[in-house]
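# Remarks on the overall topology
Each chain is listed here by its residues.
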Amino acid sequence: MICICCVAITNVFAQQHNDNTQGRNADDKNTRTATVNQRNDDGKKHGLWWEQFDARRGEPAYTAFGSYDQGLKIGPWYQINEIGDLVAIENYRFDVLHGEVKYFEQGTLVCVGHYRGLNPSYAHDTILVVHPVTGEEKLVSVPSARGSVRHGIWRYYDGRSGRLIREDDYQVDELLYSKKFGLTQADSAYYQLREKSMPHNQPVHYKPPKGKGSSLTEIQGR
């Protein structure tokens, strides 16, 4: 299902490109195919890019695709591992992580978090910070060289059941609180039943075609 999702995302990029170019190139047969990995007149990456990264420093190889604007990553970027599973959806601004991010294990959502990207055009950027108890608001100056900081709620899920297991609240990379979610007896029974009902836990019963032998030799000999 994840592979199908990734193909659908790619088709969306292609359709967006076609819609933008169809008016200008109505007679061009190539307008049905999205143009990827292009550079502008200044040699900077621009538009949709598809990039492959080899394994290094203990990290597995992966493929990423998303958009560049004048050499800077912008908007959603998708990461896919070597077997085609979606492993991450990250959002960018100014070529740094900004906004919601999602991480997956074996195609299952395990984390949703939030980054605040700092503006590299300035030496320092300012972030609004709210006191968790008093509600007092203040602006905090942060060196832009840090790139991005965790800022907001981060939620972690059990990959097997989808159950929320922990919630962290960050402001400018500082952990304000962390809460773990345990299971009540009712919750435990519910998730056990849910786990049993999942497709990968269903027994497979093979039944030979009616009127035919059950062995491959018998079938081939007919």
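Each remark here, short or long, concerns the structure printed above.
About the criteria used
Residues numbered from 1 in each chain as written. Predicted model: local features only at pLDDT ≥ 70, side-chain atom pairs only at ≥ 80, totals over all residues. Heavy atoms only, no water. Helix = DSSP H or I, 4+ residues; strand = E, 2+ residues; numbered from the N terminus. Buried < 20%, exposed > 50% of the residue type's maximum accessible area, 1.4 Å probe, protein only. Contact = heavy atoms within 4.5 Å. Areas by Shrake-Rupley, 256 points an atom, 1.4 Å probe, with all protein chains shown as cover. Phe/Tyr/Trp six-rings, centres within 6.5 Å; stacked < 30°, edge-to-face > 60°. Lys NZ or Arg CZ within 6 Å of the ring centre and 35° of its normal. Core = buried A, V, L, I, M, F, W, Y, C linked by side-chain atoms within 4.5 Å. Pairing = 2+ DSSP bridges.

### A closer look at the overall build of the protein chain
- In terms of helices and strands, the protein chain carries three helices and 13 strands.
- Classification of the 222 residues of the protein chain by burial places 31% in the buried group.
- When contacts within the protein chain are restricted to residue pairs at least 6 apart in sequence, those whose partners lie at least 24 apart make up 28%.
- For the protein chain, the accessible area works out to roughly 15,500 Å², and carbon and sulfur atoms hold 51% of it.

### Description of the packing of aromatic side chains
- What the rule picks out here adds up to six aromatic pairs.
- Aromatic pair Trp50 and Phe65: ring centres 4.8 Å apart, planes at 10°, arrangement stacked. Of this pair, Trp50 sits in strand 2 (residues 45-53) while Phe65 sits in strand 3 (residues 62-69), and the two are 15 residues apart along the sequence.
- A residue is classified by how much of its surface remains accessible, and Trp50, at 38% relative accessible area, is partly exposed.
- Considering the side-chain rings of Phe53 and Tyr62, the 4.9 Å spacing of their centres and the 20° angle between planes classify their relative orientation as stacked.
- Sitting over the ring of Trp77, Lys73 keeps its end group 4.6 Å from the ring centre.
- One Lys or Arg, Arg166, reaches over the ring of Tyr156 and ends 4.1 Å from the middle of that ring.

### Structural notes on the nonpolar core
- Trp77, Leu97, Val101, Cys111, Tyr115 and Trp154 are the most contacted members of the largest nonpolar core, which totals 13 residues.
- Counting residues per element, the ones that place at least two in this core are strand 3, strand 6 (96-105), strand 7 (108-117) and strand 11 (152-157).
- The leading source of residues in this core is strand 7, at three residues.
- Once residues lying within four places of it in the same chain are set aside, the contact partners of Leu97 are Glu90, Asn91, Tyr92, Tyr115, Arg116, Gly117 and Ser148.

### Regarding the pairing of strand 5 (residues 86-93)
- Pairing geometry for strand 4 (residues 72-81) and strand 5, over six bridges, is antiparallel. Residue pairing in the sheet places Tyr78 in a bridge with Ile89 of strand 5.
- Counting the residues between successive antiparallel strands, the hairpin from strand 4 to strand 5 contains four residues, one of them, Gly84, with a positive phi of roughly 95°.
- Strand direction decides the pairing type here: strand 5 and strand 6, joined by five bridges, are antiparallel. Within strand 6, the residue paired with Arg93 across the bridge is Val96.

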